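Architecture and fold: a report
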Amino acid sequence: MNVDASDPHARLPLLREAASSSPEIALLLVHGRGAGAAGMLGLGRDLGQRLDRPFALFAPQAADATWYPGSFLLPLEDNEPWLSSGLASLSRTSRAIEEAGLSREAQFLVGFSQGACLACEFLAREGGRWGGLVAFTGGVQGPLGETRAFSSALDGTKIALSTGDPDPHVPVERVRETAALFEELGARVQLKEHPGRPHTILHEEVEAAADWLSFRG
């Protein structure tokens, strides 16, 4: 695969799957390091089926199966231009969903690990009212404890964060910092910590996220 050094995720595939001929919501699925867009579709189906509306799935692919080369805890510039290219990929995917007739208020960002970190960073920068965010083991980019200013309010967007404690790749402290940041930006946040949970996604995490985001309540 030829990768554009200045924008490595440009022109990569976007997988789409409609579980209904008339979807009312879309799940924007962001894979983790070493994984791929196709591997997120099963998670998307599982989560989508637990929500109360017909759904469609959109899953962008990262170049070389990674959104950026280093840890998400590095200074932002250390992961450039990959980080900016990854954020641009999510922006393109969101626009594709809008072109399919679903506004941001009908879009749910869903990510695991590196994909969850990218999704958190994207939402913090974009702001606005979204359908929701599900971040399985992730947090905003940058060094642990670093305070960054984000100017865009999240207008009551529902966010479900969950993580293991401890986790080998994402310190639980960063997930807590991210929860606090999103609350400051005006989101409604649910944080679930799972003691001793390995670096994976538990069935109960999917259920808890769906319950929090559900249109039933």
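Residues numbered from 1 in each chain as written. Predicted model: local features only at pLDDT ≥ 70, side-chain atom pairs only at ≥ 80, totals over all residues. Heavy atoms only, no water.

On to the nonpolar core. Residues Tyr68, Leu109, Leu118, Leu133, Ile159, Leu161 and Phe182 are the most contacted members of the largest nonpolar core, which totals 43 residues. Those elements that provide at least two residues to this core are β2 (25-30), β3 (55-60), α2 (82-99), α3 (114-126), β5 (132-136), β6 (158-165) and α4 (172-184). Ranked by size, the runner-up nonpolar core spans 22 residues in total, among them Leu27, Leu57, Val110 and Phe136. (Core = buried A, V, L, I, M, F, W, Y, C linked by side-chain atoms within 4.5 Å. Buried < 20%, exposed > 50% of the residue type's maximum accessible area, 1.4 Å probe, protein only. Helix = DSSP H or I, 4+ residues; strand = E, 2+ residues; numbered from the N terminus.)

Glancing now at a negative patch on the surface. Taken together, the side chains of Glu77, Asp78, Glu80 and Glu146 define an acidic patch exposed on the protein surface. Along the polypeptide, Glu146 turns up in the loop between β5 and β6. (Patch = residues over 30% accessible without salt bridge, like charges linked within 9 Å, V, L, I, M, F, W, Y side chains within 5 Å. Areas by Shrake-Rupley, 256 points an atom, 1.4 Å probe, with all protein chains shown as cover. Salt bridge = Lys/Arg side-chain N within 4 Å of Asp/Glu carboxyl O. Lys, Arg positive; Asp, Glu negative; His and termini not counted. Charge placed at Lys NZ, Arg CZ, Asp CG, Glu CD.)

Our focus in this paragraph is the side chain of Thr93. As for its position among the elements, Thr93 is in helix α2. Those residues in contact with Thr93 that lie beyond four places of it in its chain are Leu14, Leu28, Phe58 and Pro60. (Contact = heavy atoms within 4.5 Å.)

Another point: the packing of aromatic side chains. Applying the stated rule across the entire model yields one aromatic pair. Plain terms: the ring middles of Phe122 and Trp130 are 5.8 Å apart, the flat faces sit at 75 degrees to each other, and that makes the pair edge-to-face. The two residues Phe122 and Trp130 agree in class, both being buried. Across from the ring centre of Trp212, 4.7 Å away, lies the NZ or CZ of Lys158, which sits over that ring. (Phe/Tyr/Trp six-rings, centres within 6.5 Å; stacked < 30°, edge-to-face > 60°. Lys NZ or Arg CZ within 6 Å of the ring centre and 35° of its normal.)

When the terminal C-alpha atoms of α2 are compared, their 25 Å separation across 18 residues agrees well with the 26 Å that a helix rising 1.5 Å per residue should span. Among the residues of α2, those classed as buried are Trp82, Leu83, Ser85, Gly86, Leu87, Ser89, Leu90, Ser91, Thr93, Ser94, Ala96 and Ile97. Taken together, the buried residues of α2 touch β1 (14-18), β2, β3, β4 (107-112) and α3. Taken from the residues just after α2, Gly101 is the one with a positive phi, measuring 100 degrees. (Expected span 1.5 Å × (residues − 1).)

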